[in-house]
Amino acid sequence: MTHHKRAWLGGAVGLAAVSLVAASLAVGSASAEDVTSYAVSASSPSVTVGDTVTVTVTADGLREVQAYDLRLAYDPTLLSYVDESAATDTPGKTFGIVGQGSLHVVHAGLGTDAGVSGTATLATATFRTLKPGKASLEAPTLETVSADEGASTASALGATTVEVAARRAPAATRAPRVSGSTRVGGVLTAGPVTWDVADTRTTYAWLRDGAPIEGETGRSYVLRPVDYGRKVSLQVLADKDGHLQGSVTSAPTVAVGPAPTRMAAKVKRSVKRGDKVRVKLRVSAPGATPTGVATVTYRGKTRRVALRRTGISTLTLKATKRGTSKIRVAYRPATGFTGSAKLLRIRVR
């Protein structure tokens, strides 16, 4: 409402109040039987986010009401007043003044009118729903100026509740496709997903045998040893304010296979009898770090060596017999890896 409208309305109500004080003294007090009743109703008990709902406040038993200020209270996080929708069926000027969580419907009759008596619609006002929830609309106060009673205030006129439901969930028009190597260490990548609702926020959740993998919410996922033998899929979620959450899940991969390993080992090829022989080894796999142990077999005796995650592992042997001998270095695979081995030859002088 503009400043001029507020000033005009204030003047109109003030004049009505002054002019009607004398009339109220002349008429005298209303009888106890003349009780005014009020009702607050909504155009629909349930709507969907984005829809509009109209609240109506009616009165019965009015006596020559010339002007009034009806306050409607509502939750501004759930409802938004539709500008210039406040109206009434009584002659005169009606305006809606919006406050924080409230709407004042102010009405002033024409100076030539005798005022409103009997049954009347004090106000209708339309609101747009913003998000799901239970929206309450109350009429806490009504200030009136009438020829019969002068200025008076009525409280707790009534209330109504509207259930605001979320809109349907977005549906995928293109389901996600997962591509990439299905071996431990391989990278799975999600293809694009499209929805039938615009401007959705898309998030991802990788699943192992249907259960979410903690912390894995990107568009790609590196397969781990724990995934070996399992099937991996991708759930894509769509969110938009006022809507239920949409969800679509890709087809699962085949069971994840083990990562192929490669054994790299070396030793000094010629040593003297009694010398120490140092065997250096390293086990690698594409995209993953093998764990577990390796074995080194020399002249029928096998020794174990723990793999170092940071690089090369070393085992020291003693050259015991002259001649050419074989040293077999093998990786005993942990879960999610294949075994690998390498045969070395050494000549003891």
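Right above here is the structure, for reference.
Residues numbered from 1 in each chain as written. Predicted model: local features only at pLDDT ≥ 70, side-chain atom pairs only at ≥ 80, totals over all residues. Heavy atoms only, no water.

Undergrad: What is the right way to look at the overall build of the protein in this model?
TA: Along the backbone of the protein there are 1 helix and 26 strands. A total of 349 residues make up the protein; the buried ones form 39% of that total. If you take every contact in the protein between residues at least 6 apart in sequence, the share linking residues at least 24 apart comes to 67%. With the model as given, the accessible surface of the protein reaches about 18600 Å², and the carbon-plus-sulfur share is 50%. (Helix = DSSP H or I, 4+ residues; strand = E, 2+ residues; numbered from the N terminus. Buried < 20%, exposed > 50% of the residue type's maximum accessible area, 1.4 Å probe, protein only. Contact = heavy atoms within 4.5 Å. Areas by Shrake-Rupley, 256 points an atom, 1.4 Å probe, with all protein chains shown as cover.)

Undergrad: Mind showing me how you'd approach the environment of Thr52 here?
TA: Counting through the fold element by element, Thr52 comes out in strand β3 (residues 52-73). Classification of Thr52 by relative accessible area gives partly exposed; the value is 37%. Each C-alpha atom of the pair Thr52 and Ser80 lies 9.2 Å from the other, and the pair is 28 residues apart in sequence. With residues up to four places along the chain from it excluded, the contact list for Thr52 reads Val47, Thr126, Phe127 and Arg128.

Undergrad: Honestly, the sheet that holds strand β20 (residues 270-271) in this entry has me stumped. Any pointers?
TA: Adjacent strands of a sheet pair through backbone hydrogen bonds, lying either parallel or antiparallel. Within the open sheet, the 5 strands sit side by side as β20-β26-β25-β22-β23. Their pairing is mixed. In the strand order of this sheet, the two ends are held by β20 and β23 (301-306), each with one partner. Here 9 bridges tie strand β25 (residues 323-333) to strand β26 (residues 340-348), and the two strands are oriented antiparallel to one another. Its bridge partner lying in β26, Ser325 is registered against Ile346. (Pairing = 2+ DSSP bridges.)

Undergrad: Would you mind going over the sheet that holds strand β17 (residues 232-239) with me for this structure?
TA: Ordered in space as β15-β14-β17-β18, the 4 strands form an open sheet in which the pairing is antiparallel. The open sheet has two edge strands, β15 (211-212) and β18 (246-249), and neither has a second partner.

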